[in-house]
Amino acid sequence: MAEIQLGVIEARYADMIWAHEPVTSSELVKMTAVEFNWKRTTAHNVLRRLIDKGLFQNENGVVTAVISRDEFYARQSRKYVEDTFDGSLPAFIAAFMQGAQITADEAEAIRKMIEQAEEK
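A few words on the pairing of strand S3 (residues 62–65). Here strand S1 (residues 23–24) pairs with S3 via two bridges, running antiparallel. Bridge pairing links Thr24 to Val62 in S3. Inspection of the sheet shows strand S2 (residues 56–59) paired to S3 by four bridges, in the antiparallel sense. Within S3, the residue paired with Gln57 across the bridge is Thr64. Linking S2 back to S3 in an antiparallel pair, the connection comprises two residues, with Asn60 at a positive phi of about 55°.

Spelled out as structure tokens, the structure:
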């Protein structure tokens, strides 16, 4: 699947949809009026862009995800590691951890993730 780029506002709107789906387009208009001070046309235009990017679908006025929030952000994370660290997960982790400390619980959780990935 092609890379999906979102602007800041599109990302906030997408997060709103993921948090409330399934949600009607009329409910989204109301939520965006409160959250972003948008008019109906703006809410529909931005929704249309998110649908065109393949994130959501609108069937009979009910908006649902085509790609889950977790899957979208996992793809974004992998793309960032590819672009910034030449695809090297160890290089990314080394940069991320520079000067940082983690708890024993965090270290254990990371060990479990590595073990699960090795089993696949």
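What follows is about the packing of aromatic side chains. Throughout the structure, instances matching the rule amount to 11 aromatic pairs. Aromatic side chains Tyr13 and Phe36 sit 6.4 Å apart centroid to centroid with 85° between the ring planes, which places their arrangement in the edge-to-face category. Of this pair, Tyr13 sits in helix H1 (residues 8–20) while Phe36 sits in the loop between helix H2 (25–35) and helix H3 (40–52), and the two are 23 residues apart along the sequence. By relative accessible area, which is 0% here, Tyr13 ends up buried. Here Phe36 falls in the buried class, since its relative accessible area comes to 13%. Geometrically, the ring pair formed by Tyr13 and Trp38 is edge-to-face, given 5.2 Å between the ring centres and 85° between the ring planes. Taken together, the positions of Tyr13 in helix H1 and Trp38 in the loop between H2 and H3 put the pair 25 residues apart, joining distant regions of the chain. There is no split in this pair, since Tyr13 and Trp38 are both buried.

By the element assignment, Ala104 lies in helix H6 (residues 104–119). Residue classification places Ala104 among the exposed residues on the basis of a relative accessible area of 63%. Counting along the chain gives 78 residues from Ala104 to Ser26, while the straight-line C-alpha distance between them is 47 Å.

Parameters at a glance
Residues numbered from 1 in each chain as written. Predicted model: local features only at pLDDT ≥ 70, side-chain atom pairs only at ≥ 80, totals over all residues. Heavy atoms only, no water. Pairing = 2+ DSSP bridges. Helix = DSSP H or I, 4+ residues; strand = E, 2+ residues; numbered from the N terminus. Phe/Tyr/Trp six-rings, centres within 6.5 Å; stacked < 30°, edge-to-face > 60°. Buried < 20%, exposed > 50% of the residue type's maximum accessible area, 1.4 Å probe, protein only.

Worth remembering: the numbers are spatial, not functional.
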